[in-house]
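Examination of the molecular architecture
Chain by chain, the residues run as shown.
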Amino acid sequence: MDFDVVVAGAGPVGLMLACELRLAGVSVVVVERLTEVDTTIKAGSITLPTAEALYRRGLLPAAAEMQREVFARFMRPGAGGKFGKSGPKVLGHFAGIMLHNDMLDTSDPDFAGHGPAADVSLVPQSELERLLGDRASALGVEVRRGVELTGFDQDAEGITVHTGKGPIRAAWLAGCDGGRSTVRRLAGFQFPGTDPEITGHQALVEMEGAEDLGMGWNRTDTGVYVHGPIPGRILTVQFGGPPADRDAPITTGELQAALRRVSGVDVTITAVHTATRFTDNARQATTYRMGRVLLAGDAAHVHSPFGGQGLNLGIGDAMNLGWKLAAAIRGWAPVGLLDSYSAERHPIGAWVLDWTRAQIALMRPEPHAQAMRDIVTDLARTVTGTTYFAKKLSGVWQHYDLDGDHPLAGRTVPDLELTGVGKLADLLHGGQALLLDLTGGDAALGRHAEGYGDRIRVAATTCPDRPDLTGLLVRPDGIVAWASGDPDTSKTLDNALTRWFGAPSELSPA
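Predicted model, so just to flag it, every value in this text is computed and none were measured.

Attention now goes to the packing of helix H9 (residues 367-380) against helix H10 (residues 383-394). Running from amino to carboxyl end, H9 crosses H10 at an angle of 95°, the nearest separation of the two axes being 6 Å. Here H10 runs roughly perpendicular to H9, going by the angle between their axes. On the side of H9, the interface is formed by Val 376, Leu 379 and Ala 380, while H10 contributes Gly 385, Thr 386 and Phe 389. Taken together, the residues of the contact of H9 with H10 sort by class into 4 nonpolar, 2 polar and no charged.

And the structure:
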């Protein structure tokens, strides 16, 4: 084999997956048809699960610095937007219905225990891609830019990936190559869903006559437009169907006509810095794995960008898949571990598709949509409503249905303060699973991890803030696989170890 894994696509999802694989000790090459980082305007923020993933790998300080730079741009004279001296006054939006900070129930337990990750969100997609590119380089990931995947052949022993610059032999292929994925198409994944009904544009432009445009989200009789919060940023949505040619170059005239039609303002666009065209095509692969081919990110699911879920959904895929695929390669994966990737991530992807479809329904410029929008707006202006939407938008609701009756099982691990150690997240930088004996070693939980070698990191400490916890088993993706408040939990812990990390025997990498 040339490599254990070929990753198709060097966007944030492909790079995150490659980093996770390298942390786990497998060889990986990333092939990307673009020669440079894609600077096209796309997602402008990250959700809490993505921020936590960066935090657990030691990347949060760099992301926080990116946020400071973005915030500085927001605060420039003329930037507009709903910002105060200490940060955003709004939490986000649902179909352009703003959610305000002062209506949030911050005492809701789902918002607790996330540590400094809860303070980082304004990280644009292009900046995140640069951050992960630097991380991949530091880990020794080989990224081949200007190399396009053209086909592949898989057999019982591996897969041969064909590119414009020669074949690559590997054990696995991960398609992280976007919504119109070549990997997905050639592998034959089913991709059912709903057809597009809108034509959307997003761009950073220079324009004249913009003083008559409303700031923020604006719904009109002909569609929706957004102006700001950074100077020159525009977004338009027209409900007359999808574009005639999705791949045609975006012209100044096209953007200007769309903005004029939706806003009713005779704006003149004088320069375009970056622009993208989008629809509400919503589709999802029925499974994320076929043989030696796996999908992650937009290759596995596409939808409209409203609510900013796409980038973050893909990062969650990469975190879930990376350690499981590495386990299969290294030879210690228990039966069903790799298939649990699709089983765990597919329901969250399905929810995102419906979340974006609902927003399209509320934005339509017709009476029935307006009636429903008025009701949803009233709900969103209550504490209960704001908190509900904020929990969905932030991702704090996400969890997996795992065995075990402890409330933490299947959920993201809290950022506990550990005696003599510091933050729990600091113990996850190496990408290993973590077994915490929170009795300070009195329960001797570490003996259960004997024979697991570098699969599991063991730490004996205490957590004064959570005296109810005696032990935690945390998967490499930060999900609690087992938790207990009873020191005598040998059987349930052994079951969790075996389920997620196989038999306790020393195995060298395959």
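Resuming the write-up.
For the rest of this paragraph, the subject is the packing of aromatic side chains. Evaluated as defined, the whole model comprises 12 aromatic pairs. Between the aromatic rings of Tyr 288 and Tyr 341, the centroid separation amounts to 5.7 Å while the plane-to-plane angle is 55°, which identifies the pairing as tilted. Residue Tyr 288 is found in the loop between strand S17 (282-284) and strand S18 (289-290), and its partner Tyr 341 is found in helix H8 (residues 339-363); the two are separated by 53 residues along the sequence. The exposure class assigned to Tyr 341 is buried, which follows from its relative accessible area of 0%. Here Tyr 388 and Phe 389 contribute two aromatic rings whose centre-to-centre distance is 5.2 Å and whose plane-to-plane angle is 75°, an arrangement assigned as edge-to-face. With relative accessibility at 8%, the residue Phe 389 sits in the buried group. Site record: aromatic cluster; members linked through ring pairs are Phe 94, Trp 351, Trp 355, Tyr 388, Phe 389 and Trp 397. Geometry around Phe 191 places Arg 184 over its ring, the cationic atom sitting 3.6 Å from the centre. The ring of Trp 397 carries Lys 392 above its face, with NZ or CZ at 4.8 Å from the centroid.

Each regular strand shows side chains that alternate between the opposite faces of the sheet. What you see with strand S6 (residues 97-100) is a clean split: Ile 97 and Leu 99 sit on the buried side and Met 98 and His 100 on the side with no burial. As paired strands, strand S5 (residues 90-94) and S6 are joined by 4 bridges and run antiparallel to one another. Paired with Val 90 across the bridge in S6 is His 100. Count of turn residues in the S5/S6 antiparallel hairpin: 2 residues, of which Ala 95 carries a positive phi of about 60°.

Evaluated as defined, the whole model comprises 25 salt bridges. One salt bridge in this structure joins Glu 344 and Arg 475, with 3.0 Å as the shortest N-O distance. Taken together, the residues Glu 344 in helix H8 and Arg 475 in the loop between strand S25 (471-474) and strand S26 (480-484) connect sequence positions 131 residues apart. Judged by relative accessible area, Arg 475 falls into the buried class, the value being 0%. Taken together, the shared-partner salt bridges in this structure form one network comprising Lys 324, Glu 344, Arg 475 and Asp 477.

Along its 12 residues, H10 runs 16 Å from first to last C-alpha, staying within 8% of the 16 Å computed at 1.5 Å per residue. Burial analysis of H10 places 9 of its 12 residues in the buried class, which makes it a mostly covered element. Considered for burial, the residues of H10 that qualify are Gly 385, Thr 386, Thr 387, Phe 389, Ala 390, Lys 391, Lys 392, Leu 393 and Ser 394. Where H10 is buried, its residues meet helix H2 (48-56), S5, S6, H8 and H9. Gly 395 sits one or two residues past H10 and shows a positive phi near 90°.

With respect to the helices, strands and loops of the structure, Gly 422 is situated in strand S22 (residues 422-423). A residue is classified by how much of its surface remains accessible, and Gly 422, at 17% relative accessible area, is buried. Residues Gly 422 and Cys 463, spaced 41 residues apart in sequence, show a C-alpha to C-alpha distance of 10.0 Å. Setting aside anything within four residues of it in sequence, one finds Gly 422 in contact with Leu 416 and Glu 417.

Of note, the amide linkage connecting Gly 228 to Pro 229 takes the cis form, showing an omega dihedral of 5°. In this fold, Pro 229 is placed in the loop between strand S14 (223-227) and strand S15 (233-238). At Ala 95, a position not held by glycine, the phi torsion is positive, near 60°. Along the chain, Ala 95 falls in the loop between S5 and S6. Residue classification places Ala 95 among the buried residues on the basis of a relative accessible area of 1%. The phi dihedral of Ala 444 falls on the positive side, at around 50°, and the residue is not glycine. Position of Ala 444 relative to the elements: it lies in the loop between strand S23 (433-437) and strand S24 (456-460).

Conventions used here
- Residues numbered from 1 in each chain as written.
- Predicted model: local features only at pLDDT ≥ 70, side-chain atom pairs only at ≥ 80, totals over all residues.
- Heavy atoms only, no water.
- Axes fitted to C-alpha atoms, helices over the stretch in contact; angles between N-to-C directions.
- Helix = DSSP H or I, 4+ residues; strand = E, 2+ residues; numbered from the N terminus.
- Parallel < 35°, antiparallel > 145°, perpendicular 65-115°, else oblique.
- Contact = heavy atoms within 4.5 Å.
- Nonpolar A, V, L, I, M, F, W, Y, C, P; charged D, E, K, R; others polar.
- Phe/Tyr/Trp six-rings, centres within 6.5 Å; stacked < 30°, edge-to-face > 60°.
- Buried < 20%, exposed > 50% of the residue type's maximum accessible area, 1.4 Å probe, protein only.
- Lys NZ or Arg CZ within 6 Å of the ring centre and 35° of its normal.
- Pairing = 2+ DSSP bridges.
- Salt bridge = Lys/Arg side-chain N within 4 Å of Asp/Glu carboxyl O.
- Expected span 1.5 Å × (residues − 1).

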